[in-house]
Number of protein chains: 2
Amino acid sequence: MHTTPASSLSIADVREAAERIAGRVNHTPVIRSPVLDALAGCELWLKAENLQRVGAFKARGAMHAVSRLEPEQRARGLITYSSGNHAQAVALAAREFGVSAHIAMPVDAPPIKQAGVRRLGAAITFAGTTSEHRRAAALELQRETGGVIIEPFDHPHIIAGQGTATLELLAEVAARTGGESLDAVVVPVGGGGLIAGASLVCEHHQLPVFSVEPTTCDAMARSLAAGERVAVEPGPTLGDGLKPTRVGALNFEVARRAVRGSERVDDEQLARNLVRLLVHAKILVEPSGAAGLAGALQLLRRLDAGAAHQDIFSSLERGRPKRVGVLLSGGNVSPTLVAELVARYGEEV
Amino acid sequence: MHTTPASSLSIADVREAAERIAGRVNHTPVIRSPVLDALAGCELWLKAENLQRVGAFKARGAMHAVSRLEPEQRARGLITYSSGNHAQAVALAAREFGVSAHIAMPVDAPPIKQAGVRRLGAAITFAGTTSEHRRAAALELQRETGGVIIEPFDHPHIIAGQGTATLELLAEVAARTGGESLDAVVVPVGGGGLIAGASLVCEHHQLPVFSVEPTTCDAMARSLAAGERVAVEPGPTLGDGLKPTRVGALNFEVARRAVRGSERVDDEQLARNLVRLLVHAKILVEPSGAAGLAGALQLLRRLDAGAAHQDIFSSLERGRPKRVGVLLSGGNVSPTLVAELVARYGEEV
């Protein structure tokens, strides 16, 4: 267990993580689409973490956390629990550092994510369907093997690693606009690793962050509203990467410093925006990976309708953000589901 | 008409084009996929021109050619003829330079490409199904309006512009490998703009280039075999961007200096490799855009089977290229077709 207080974490930790993982993870592209900009009524800067190694931003945090272990710790083997993308990320980091990995995954993990883990040479133990189930299985594995658990989100090294995606996004926006910044960043939330990392970067730049969760699993939104961490009973959602029972303790403490609003999106929004990104931006995201775009479009609609967030953007021209950053978190999705969704929404997005 | 002799064109023209179009076109990412590398048995470096503006490399050549016109020429309006992607590229360049554009397109141009042209504010005239039909229509438009024809491929400015994709690819390979180079570059061929541009860059680096065409429209392969340009009667193919009756005169003269072999691929290969790029590299290409990967995999299979190209790679370890560059030319494809192909091949690629 870590004992780092949230208050000691800052953008400096993210910058240090970026130096450590450089060359071990992809510097992913930031994609623009005129059609999606027109739909949003502003510039969308899409950070394509679906093009990250293992197809998700999780490679950043895992690679960073594993790089921080002492060699003798690492040699005992890595253990983790994950619905899929963090599993692949730890398997990749284990292979990079030449050690073994053992992963507790839910019984309903998408086959494409299971196959990814196996291809990277890691062992899988199946355990229930919730993050609590698989965490218990990971602790059991640790007792058996003496290996090190690489936390999926609630750890300072994971948070700093995931923050490098937002660090790169802001640097690229500045480079391509001659020094301009974003007006907001929209981030999907599962356990809160990505948004906590984004928050470390964005609080430094005084940039508002918005969280996006499935309507059926809105632990961050409820926790922010309550002012303390709240557990939820996750309901069914296409966003299989966004289903933890609650967000991490450290994640919540860091995120609340920068998050200014929460969006909840349903399966139809995830599906339509997956197809929009495919047709207009030419990239494949998983349903969780489309949550950022779905949330950004909903935020802008609600803003225009006077239904939310007016105060946050009141200093901007037209009271509306001009440049919105969106984190597209991953791209590991079953081809069968892609075929279904494109057949259903492809000609109308 | 241009009168530039092929012998006067070199990598210097491509470098100059790159400077002129910087900031007006995307510096597209080079994507790697461990699964596709395993399939190829070597490193594939995929230049993702599907992520280029208008969804295809054509933006490079058109933007370069239009930037080279005198302002008073441009003001008379731009005219071109194209099956789709060059049409959108000229429409984009016209908008960037604030002039009008009028495009002759085939009656069977994919709706997504027609919609792209209209969205950019250009006018369309439909004309037959072959490049000859639409060229005649463009000449008629020129007589009527006095506008300037922006050739789709057979022009030194177009060739130099398209060459910038390969220039960027080689620079990125060098940067990411600490100065290493590719062993071969594989390029789809329609009229030959992309491969002529690639050839200017590759002949400078003494890198072999391989052409890929549909089996039903193999004008470059036949021309190279004959030692002179040969016209073909294009048959049906999913690769709607690869159907000219013959390659350009200048394109042929430039390409023959660097092209060392030709691959012909059928619709099933285009379809499977479109789906492979979607599932494993997380990007959407059009069938023509998958031709490079289909050709690269076939080249490597034929090489291993002792069926072709042995002499070209005889100096390399195992007589086989270690790093192959592949140009993914575009991503403008009907969502209905994508849904069909992913449903058919998604779970087995």
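What counts as what
- Residues numbered from 1 in each chain as written.
- Chains lettered and ligands numbered in written order.
- Predicted model: local features only at pLDDT ≥ 70, side-chain atom pairs only at ≥ 80, totals over all residues.
- Heavy atoms only, no water.
- Helix = DSSP H or I, 4+ residues; strand = E, 2+ residues; numbered from the N terminus.
- Buried < 20%, exposed > 50% of the residue type's maximum accessible area, 1.4 Å probe, protein only.
- Contact = heavy atoms within 4.5 Å.
- Areas by Shrake-Rupley, 256 points an atom, 1.4 Å probe, with all protein chains shown as cover.
- Lys, Arg positive; Asp, Glu negative; His and termini not counted.
- Charge placed at Lys NZ, Arg CZ, Asp CG, Glu CD.
- Least-squares fit on C-alpha atoms with pLDDT ≥ 70 in both.
- Pairing = 2+ DSSP bridges.
- Phe/Tyr/Trp six-rings, centres within 6.5 Å; stacked < 30°, edge-to-face > 60°.
- Lys NZ or Arg CZ within 6 Å of the ring centre and 35° of its normal.
- Buried area = accessible area lost by both parts, 1.4 Å probe.
- Salt bridge = Lys/Arg side-chain N within 4 Å of Asp/Glu carboxyl O.
- Polar contact = N/O pair within 3.5 Å; in protein donor to acceptor, adjacent residues only side chain to side chain.
- Axes fitted to C-alpha atoms, helices over the stretch in contact; angles between N-to-C directions.
- Domains from an automatic or database assignment.
- Expected span 1.5 Å × (residues − 1).
- Bend = angle between axes of the 7 residues up to and from the residue.
- Parallel < 35°, antiparallel > 145°, perpendicular 65-115°, else oblique.
- Left-handed = near helix turned anticlockwise from the far one by under 90°.
- Nonpolar A, V, L, I, M, F, W, Y, C, P; charged D, E, K, R; others polar.
- Core = buried A, V, L, I, M, F, W, Y, C linked by side-chain atoms within 4.5 Å.

## So, the overall build of chain A
Then step 1. Across its full length, chain A carries 14 helices and 10 strands.
Then step 2. The dimensions of chain A, computed from C-alpha atoms along their principal axes, are 60 × 45 × 40 Å.
Then step 3. For chain A, the residues scored as buried account for 63% of the 349 residues in total.
Then step 4. A fraction of 71% describes how many contacts in chain A between residues 6 or more apart in sequence connect residues 24 or more apart.
Then step 5. Taken as a whole, chain A presents about 12,500 Å² of accessible surface, with 48% of it coming from carbon and sulfur.
Then step 6. Separation of charge centres in chain A, based on 37 positive and 37 negative side chains, amounts to 2 Å.

## A closer look at the relation of the copies chain B and chain A
Then step 1. Its rotation angle being 180°, the transformation that places chain B on chain A also includes 0.0 Å of axial translation and leaves an RMSD of 0.0 Å. Such values leave the two copies arranged in the relation of a two-fold axis.
Then step 2. An overlap of 100% is found between the interface residues of chain B and their copies at the interface of chain A, pointing to a shared contact surface.

## Section: the pairing of strand β9 (residues 259-265) of chain A
Residues and elements named next belong to chain A.
Then step 1. The buried fraction of β9 is high, at five of seven residues.
Then step 2. Bridging between strand β8 (residues 209-214) and β9 involves six bridges; their strand directions are parallel. Paired with F210 across the two strands is G261, which belongs to β9.

## Points about the packing of aromatic side chains
All names here are of chain A.
Then step 1. Counted according to the given criterion, the structure contains two aromatic pairs over all chains.
Then step 2. Centre to centre, the rings of F210 and F313 are 5.8 Å apart; their planes meet at 25°, and the pair counts as stacked. Remark: F313 occurs in the loop between α13 (291-304) and β10 (323-328) and F210 occurs in strand β8; sequence separation between them is 103 residues.
Then step 3. On the basis of relative accessibility, which here comes to 0%, the residue F210 falls in the buried class.
Then step 4. Taking the relative accessible area as the measure of exposure, F313 reaches 1% and is therefore buried.
Then step 5. One residue, R32, lies across the ring of W45, its end atom 4.5 Å from the ring centre.

## Focus: the interface of chain B and chain A
Then step 1. Counting from both sides, the interface comprises 24 residues of chain B and, opposite them, 25 residues of chain A.
Then step 2. Surface buried jointly by chain B and chain A totals about 1,900 Å² across both partners, of which 68% is contributed by carbon and sulfur atoms.
Then step 3. Between the two partners, chain B and chain A, sit zero salt bridges.
Then step 4. Across the contact surface, chain B and chain A share eight residue pairs in polar contact (both at pLDDT 80 or more).
Then step 5. Elements with a contribution of two residues or more to the side of chain B that touches chain A: α6 (111-119), α12 (267-281) and α14 (335-345) of chain B.
Then step 6. Looking at the side of chain B that touches chain A, the element that brings in the most residues is α14 of chain B, giving six residues.

## A closer look at the sheet that holds strand β3 (residues 78-81) of chain A
Residues and elements named next belong to chain A.
Then step 1. Here four strands make up an open sheet; going across it, the order is β5-β4-β3-β6 and the pairing parallel. A single partner strand is all that each edge strand has here, and the edge strands are β5 (123-126) and β6 (148-149).
Then step 2. In terms of strand pairing, β3 meets β6 through two bridges, oriented parallel. Looking at β6, one finds that L78 is bridged to V148.
Then step 3. Contacting β4 (101-105) and β5, helix α6 (residues 111-119) runs over the sheet at an angle of about 140° to β5.

## Considering the domain arrangement of chain A
For an interface, size is often stated in terms of accessible area lost upon the parts coming together.
Residues and elements named next belong to chain A.
Then step 1. Here chain A is partitioned into domain 1 (6-57 + 155-345) and domain 2 (59-149).
Then step 2. Measuring from the centre of the C-alpha atoms in domain 1 to the corresponding centre in domain 2 gives 24 Å.
Then step 3. The partner domain 2 presents 26 residues to the 32 residues of domain 1 that form the contact.
Then step 4. Each partner contributes to the roughly 2,300 Å² buried at the junction of domain 1 and domain 2, and carbon and sulfur atoms together form 54% of this total.

## Some words on helix α8 (residues 156-177) of chain B
For the α-helix, the turn length of 3.6 residues means that residues three or four positions removed from each other point alike.
Residues and elements named next belong to chain B.
Then step 1. Between its first and last C-alpha atoms α8 spans 32 Å; for 22 residues at 1.5 Å apiece the expected length is 32 Å, and the two agree.
Then step 2. Approximately 25° is the largest bend angle found in α8, and it occurs at T164.
Then step 3. With 16 of 22 residues buried, α8 lies mostly within the body of the structure.
Then step 4. Immediately downstream of α8, the backbone of G178 shows phi near 70°, a positive value.

## Focus: the packing of helix α1 (residues 11-21) of chain B against helix α9 (residues 193-204) of chain B
Residue and element names in this part refer to chain B.
Then step 1. With their axes 8 Å apart at the nearest point, α1 and α9 run at an angle of 120° to one another. When the interaxial angle is binned, α1 and α9 end up oblique. Here the hand of the crossing between α1 and α9 comes out left-handed. Touching I11, V14 and R15 of α1 are G197, L200, V201 and H204, all from α9.
Then step 2. Tallied by class, the residues present in the contact of α1 with α9 amount to four nonpolar, two polar and one charged.

## Overview of the nonpolar core
Then step 1. L277 of chain A together with L277 of chain B are the most contacted members of the largest nonpolar core, which has 94 residues in total.
Then step 2. For this core, the element with the highest residue contribution is helix α13 (residues 287-304) of chain B, accounting for nine residues.
Then step 3. Residues contacting L277 of chain A, with those up to four places away along its chain left out, are L36, L46, K282, I283, V285, A290, L293 and L328 of chain A.

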